[in-house]
Amino acid sequence: MNKSEFIEFIMQAGVLKLGEFTLKSGRKSPYFFNAGLFNTGGQMAQLAKAYAATIAESKLAYDVLFGPAYKGIPLAATTSVSLAQDFQHDTPYAFNRKEAKDHGEGGNIVGHPLEGDILIIDDVITAGTAIRESMDIIQANGARPAGVVVALDRMEKGQGEKSAIQEVEQQYGIPVISIINLNDIIEYLETHNQANQAILDSMKTYRAQYGIVQ
Ligand code: OMP
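Residues numbered from 1 in each chain as written. Predicted model: local features only at pLDDT ≥ 70, side-chain atom pairs only at ≥ 80, totals over all residues. Heavy atoms only, no water.

1. Observations regarding the nonpolar core
Here is step 1 of the chain: Ranked by size, the top nonpolar core spans 44 residues in total, and within it F6, I10, F33, F38 and I185 carry the most contacts.
Here is step 2 of the chain: Looking at which element gives the most residues to this core, the answer is helix α2 (residues 41–58), with 6 residues.
Here is step 3 of the chain: Beyond its immediate chain neighbours, meaning those up to four positions away, F6 contacts M1, L47, A50, A151, I179 and I180.
Here is step 4 of the chain: Grouped together as the second largest cluster of nonpolar side chains are 20 residues, F66, I138, V150 and Y172 included. (Core = buried A, V, L, I, M, F, W, Y, C linked by side-chain atoms within 4.5 Å. Buried < 20%, exposed > 50% of the residue type's maximum accessible area, 1.4 Å probe, protein only. Helix = DSSP H or I, 4+ residues; strand = E, 2+ residues; numbered from the N terminus. Contact = heavy atoms within 4.5 Å.)

Encoded structure:
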């Protein structure tokens, strides 16, 4: 699936929405990517294959795929299936519980232990807050972050003037890769006449206000 096909796929699934949304960061956005709306096996299979292809193409070296609760859990599980089936790479995967468990198996990591170099798999990066929480979990388990893969890079400023991704890359010394980014969406909407001028204008205004300087 190329970038245009991926954008078509997320629009058809209703995962990419145009309108007015308030983000976790408080920013008011003309678009929103809701990965929670992928809700069939067929959609998850396509999504997982797109993540797996992005990971395989990046040639990133890592030991364990880590999906932060909750939305990262099905992403890590299904992407590891696609990596094994479609890319002949049997990858260990893990996820965390949000609630600590003090009986039974104990601990708050499920799946493979967090050992060695960890590739975080998540839905979206905006200001980078969610990614930082994963870094803390990885470090608390004595492992090292190897990289981050997300479906959508919103290409926004982080805590300062730099992009959220640059901040994460510099602070942790790891690459952040994505299936698509905001520029891909705007280009797709323009070339496929999928949005009226007012929506396109508001997306460009948003990009000028919160986007990274390129
Ligand atoms: P940051 O933690 O600011 O990087 O925002 C990323 C998180 O915000 C994601 O993991 C989502 O929980 C949520 N989010 C979306 O799911 N889709 C969007 O398009 C934008 C956000 C957001 O609130 O920024």
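2. Quick word on the packing of aromatic side chains
Here is step 1 of the chain: Tallied over the full model, the rule gives 6 aromatic pairs.
Here is step 2 of the chain: Consider the rings of F9 and F38, whose centres lie 5.5 Å apart with planes at 25 degrees: the pair is stacked. Residue F9 is located in helix α1 (residues 3–12), and its partner F38 is located in the loop between β2 (28–33) and α2; the two are separated by 29 residues in the primary sequence. By the burial criterion, F9 is buried, and F38 matches it. (Phe/Tyr/Trp six-rings, centres within 6.5 Å; stacked < 30°, edge-to-face > 60°.)

3. Thoughts on the sheet that holds strand β4 (residues 93–96)
Here is step 1 of the chain: With mixed pairing, the 6 strands of this open sheet are ordered in space as β5-β4-β3-β6-β7-β8. Only two strands of the sheet have a single partner each, and these edge strands are β5 (109–111) and β8 (176–181). Within the sheet, the average angular offset between the axes of one strand and its neighbour, ignoring direction, is 25 degrees.
Here is step 2 of the chain: Judged from the 3 bridges that link them, β4 and β5 form a sheet pairing that is antiparallel. Looking across to β5, one finds that F95 is bridged to V110.
Here is step 3 of the chain: Docked against the sheet, α1 engages β7 (144–153) and β8, running at close to 70 degrees with respect to β8.
Here is step 4 of the chain: Along the sheet face, helix α6 (residues 182–191) touches β7 and β8 and points at about 10 degrees away from the line of β8. (Pairing = 2+ DSSP bridges. Axes fitted to C-alpha atoms, helices over the stretch in contact; angles between N-to-C directions.)

4. Some thoughts on the site of the ligand
Here is step 1 of the chain: Near the ligand you find 13 residues, and of these F33, T126, G128, A130 and R154 are the closest.
Here is step 2 of the chain: T126 places a side-chain nitrogen or oxygen 2.6 Å from an oxygen atom of the ligand.
Here is step 3 of the chain: The fraction of the free accessible surface of the ligand (490 Å²) that becomes covered by protein chains is 91%.
Here is step 4 of the chain: Looking at the shell around the ligand, the elements that each hand over two or more residues are β2, β6 (117–125) and α4 (129–140).
Here is step 5 of the chain: At 3 residues, the largest contribution of residues to the shell around the ligand is made by β6.
Here is step 6 of the chain: Classifying every residue of the shell around the ligand gives 7 nonpolar, 3 polar and 3 charged. (Near = heavy atom within 4 Å. Polar contact = N/O pair within 3.5 Å; in protein donor to acceptor, adjacent residues only side chain to side chain. Areas by Shrake-Rupley, 256 points an atom, 1.4 Å probe, with all protein chains shown as cover. Nonpolar A, V, L, I, M, F, W, Y, C, P; charged D, E, K, R; others polar.)

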